[in-house]
Amino acid sequence: MKKLIQQQRTAGFSLIELLVVLVVLGVLVTFALMALGRSSENLRRQAIAKEFKVALERARFDSLKRRPSTCEDMSRVEILSATSFRYLTDSNQDGTLQPDAEARTVNFDSSPVRVVDDTPLVFPIVIRFDMRGGSSSGPCGATTVATTPTHFCELPCSTRNATNSTSIYVSPTGTVALLLGGEDEPEFDDPDVSIVDMTYGVNEHLAVWTGTPPTPSPIPTPAGTPSGSPTPTPEPTATPTGTPGPTPTATPEPTPLPACTKNQKPGNPPTCSCNPPYFIQNNGQCK
């Protein structure tokens, strides 16, 4: 019995062992919560950066579609502060921009995400697109190359890297790209332009006019020379057709005979005629 009681007492866990297990579980839970919190912040930052990228692409497409001729009418995205931006497009499709009615503002001040740069930023920052899709910044009348890239970083943001920041780059031609934090922005070299002699392949018998062409004088139209009076054509003489024959003599119609009476003989030559209902009988009488 004593051995059984001693075995039951030694089969459990000591208090120190329980405390160690609880501490390990607490550390694991803490790291898990930190990882989950960091993941949600990363998702929030990436969502803001992608929404900014979509706003730029919408503005560029709207300018390509409407082909604005003035700077004020170009579709654009304006970074208002470190925690907000807005984009202006022709959302009602009437052909003109209406900043008071068509601008959409995105605020993310409730998140730890901020728009940062290596140098202090001066807001607002405008990125607009012309009719060909090219980008520019600055006020109208004094436009400059578009101010990019735009960095979205989570606080504290002592150094930008792929874990805490996302950048959106806009090329001079308007192409929008998403970059990881700390990634170098792409560089575009000027295109090679071949120099061709302007006289190469030009017909030597042709001349290039560089001045203002003279106005040609109108060529007078010569008056027509009147022609002589036409000679009248004599009318042809009609030729008779066929030879006329002698005119036939008309035959006089016979004088009708008087009607015979009953039993009267017409005679030979007849002096009368049997009219119905009388007929000449065998005896030569009309009956």
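Structure first, text after, so check above.
Notes on the structure follow.

The rules behind the values
Residues numbered from 1 in each chain as written. Predicted model: local features only at pLDDT ≥ 70, side-chain atom pairs only at ≥ 80, totals over all residues. Heavy atoms only, no water. Pairing = 2+ DSSP bridges. Helix = DSSP H or I, 4+ residues; strand = E, 2+ residues; numbered from the N terminus. Axes fitted to C-alpha atoms, helices over the stretch in contact; angles between N-to-C directions. Buried < 20%, exposed > 50% of the residue type's maximum accessible area, 1.4 Å probe, protein only. Polar contact = N/O pair within 3.5 Å; in protein donor to acceptor, adjacent residues only side chain to side chain. Salt bridge = Lys/Arg side-chain N within 4 Å of Asp/Glu carboxyl O.

Observations regarding the sheet that holds strand E4 (residues 113–116)
And then number 1: With antiparallel pairing, the 4 strands of this open sheet are ordered in space as E4-E7-E8-E9. Only two strands of the sheet have a single neighbouring strand rather than two, namely E4 and strand E9 (176–180). The sheet shows a mean angle of 25° between the axes of neighbouring strands, direction not considered.

Focus: the side chain of Asn164
And then number 1: Here Asn164 shows up in the loop between strand E7 (150–154) and strand E8 (165–170).
And then number 2: A relative accessible area of 6% places Asn164 in the buried class.
And then number 3: A polar contact is formed between the side chain of Asn164 and the backbone oxygen of Thr159, at a distance of 2.9 Å.
And then number 4: Of note is the side chain of Asn164, whose polar atom sits 3.4 Å from the side chain of Ser165.

As for the pattern of salt bridges
And then number 1: Summed over the entire model, instances satisfying the criterion amount to 8 salt bridges.
And then number 2: Ionic pairing is found between Arg104 and Glu51, a salt bridge with its closest N-O pair at 3.6 Å. Remark: Glu51 occurs in helix H2 (residues 15–66) and Arg104 occurs in strand E3 (residues 103–107); sequence separation between them is 53 residues.
And then number 3: Since its relative accessible area comes to 43%, Arg104 is described here as partly exposed.
And then number 4: We note a salt bridge from Glu57 to Lys53, for which the minimum N-O separation is 2.6 Å. One end of the pair, Glu57, and the other, Lys53, are both in helix H2, 4 residues apart, so they sit about a helical turn from each other.

Focus: the sheet that holds strand E5 (residues 125–129)
And then number 1: Read across the open sheet, the 5 strands follow the order E3-E2-E1-E5-E6; overall the sheet is antiparallel. Both edges of this open sheet fall to E3 and strand E6 (135–136), since each of them pairs with a single strand only.
And then number 2: Note that strand E1 (residues 76–81) and E5 share 4 bridges and pair antiparallel. When the sheet's bridge partners are listed, Val77 is paired in E5 with Ile127.

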